[in-house]
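Topology and contacts: notes
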Amino acid sequence: MANAGRVTIDGGDMMRYAEYSPKTNPRSDIDTDRRLARTLIAVGLGVAAAGFAGRYAFQLWKPLGQVFSETVRKMPSSAFSSYYKGGFEQKMSKREASLVLGIGPVSTKAKVREAHRSMMVLNHPDKGGSPYLAAKINEAKDLLDKENRR
């Protein structure tokens, strides 16, 4: 009863009941070690390549950063502002009047009136606003009202 609990197959290999088929392609420990070594080498080469690429990028970034900051310094600050930069003209033009009120040059009378009212609420001299700005706002309204009447 030396074969108790075991079954023989055609080749004479012994199998336990828990195993349903013999190992058809047994891999030795040497094959497993070789595959593991190849994987580790590939991972190592990938990490090294990433390191060299990062080093190159940092070396390249310093001069590019300096060029970028110099370019930003050379640009006028008014290029990024949505506000009108400049003083008033001697005689107000239609363009300047529309800029003062914040509306288009071709606007309806109601739109001019509403823009004038909102600007005067913000800049009225009785509420701490500038009398000069209030005069310019009134001048802009009068000019655009005259243009709408024609």
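Residues numbered from 1 in each chain as written. Predicted model: local features only at pLDDT ≥ 70, side-chain atom pairs only at ≥ 80, totals over all residues. Heavy atoms only, no water.

**Comments concerning the overall build of the chain**
Broken down by element type, the chain carries 4 helices and 2 strands. Going residue by residue from the N terminus, the α and β elements of the chain occur as β-β-α-α-α-α. Relative to its full complement of 150 residues, the chain shows a buried share of 14%. Sequence separation of at least 24 residues holds for 41% of the intrachain contacts in the chain that already meet a minimum separation of 6. In the structure as shown, the chain presents an accessible area of about 12,700 Å², 58% of it carried by carbon and sulfur atoms. (Helix = DSSP H or I, 4+ residues; strand = E, 2+ residues; numbered from the N terminus. Buried < 20%, exposed > 50% of the residue type's maximum accessible area, 1.4 Å probe, protein only. Contact = heavy atoms within 4.5 Å. Areas by Shrake-Rupley, 256 points an atom, 1.4 Å probe, with all protein chains shown as cover.)

**Digging into the pattern of salt bridges**
Pairing between side chains of opposite charge can happen when their charged atoms approach one another. Scanning the model with the defined rule gives 2 salt bridges in all. Here K136 and E139 are joined by a salt bridge, their closest N and O atoms 3.5 Å apart. Note that K136 and E139 are positioned in helix α4 (residues 131-149) at a spacing of 3 residues, about one turn of the helix. For E139, a relative accessible area of 31% corresponds to the partly exposed category. With a closest N to O distance of 3.5 Å, D145 and K141 form a salt bridge. Residue D145 and its partner K141 are both found in helix α4; the two are separated by 4 residues, about one turn of the helix. For D145, a relative accessible area of 8% puts it in the buried group. (Salt bridge = Lys/Arg side-chain N within 4 Å of Asp/Glu carboxyl O.)

**Quick notes on the confidence of the model for the chain**
Here the chain averages 79 in pLDDT, and 74% of its residues register 70 or above. Looking over the chain, one finds the lowest element-wise mean pLDDT in strand β1 (residues 6-8), namely 51, and the highest in helix α3 (residues 109-123), namely 91. (pLDDT = per-residue confidence, 0-100.)

**Remarks on the nonpolar core**
Membership of the largest hydrophobic core is limited to 12 residues, which are M92, A97, V100, L101, I103, V112, A115, M120, A134, I137, A140 and L144. The leading source of residues in this core is α4, at 4 residues. Excluding its chain neighbours within four sequence positions, the residues that come into contact with A97 are M92, A140, L143 and L144. (Core = buried A, V, L, I, M, F, W, Y, C linked by side-chain atoms within 4.5 Å.)

**Regarding the side chain of S98**
Structurally, S98 can be placed in helix α2 (residues 94-101). In terms of polar contacts, S98 uses its side chain to reach the backbone carbonyl oxygen of R95, at 2.7 Å. Excluding residues within four positions of it along the chain, S98 makes contact with I103, G104, P105 and L144. (Polar contact = N/O pair within 3.5 Å; in protein donor to acceptor, adjacent residues only side chain to side chain.)

**Concerning the layout of surface pockets**
Within this model, the largest pocket holds a volume of roughly 220 Å³. Those elements that provide at least two residues to the lining of the largest pocket are α2, α3 and α4. Tallied by class, residues from the lining of the largest pocket come to 8 nonpolar, 2 polar and 1 charged. (1 Å grid on protein atoms, 1.4 Å probe; cavity = no way out; pocket = protein on both sides within 12 Å on 5 of 7 lines; lining within 4 Å. Points joined across faces, edges and corners; volume = space filled by probe spheres on them. Nonpolar A, V, L, I, M, F, W, Y, C, P; charged D, E, K, R; others polar.)

**Regarding α3**
The terminal C-alpha atoms of α3 lie 21 Å apart, and with 15 residues this matches the ideal 21 Å at 1.5 Å per residue to within 8%. Residues of α3 that are buried include every one of V112, A115, H116, M120 and N123, and no others. Taken down its axis, α3 places every buried residue within 130 degrees of arc, on the same side. Facing away from the buried side of α3 by over 90 degrees, the exposed positions are A110, E114, R117, V121 and L122. (Expected span 1.5 Å × (residues − 1). Arc of directions from axis to C-beta.)

**Overview of the environment of S93**
Inspection of the secondary structure puts S93 in the loop between α1 (29-74) and α2. Residue class for S93 comes out partly exposed when judged on its relative accessible area of 25%. Separated by 50 residues in the primary sequence, S93 and L143 have C-alpha atoms spaced 8.0 Å apart.

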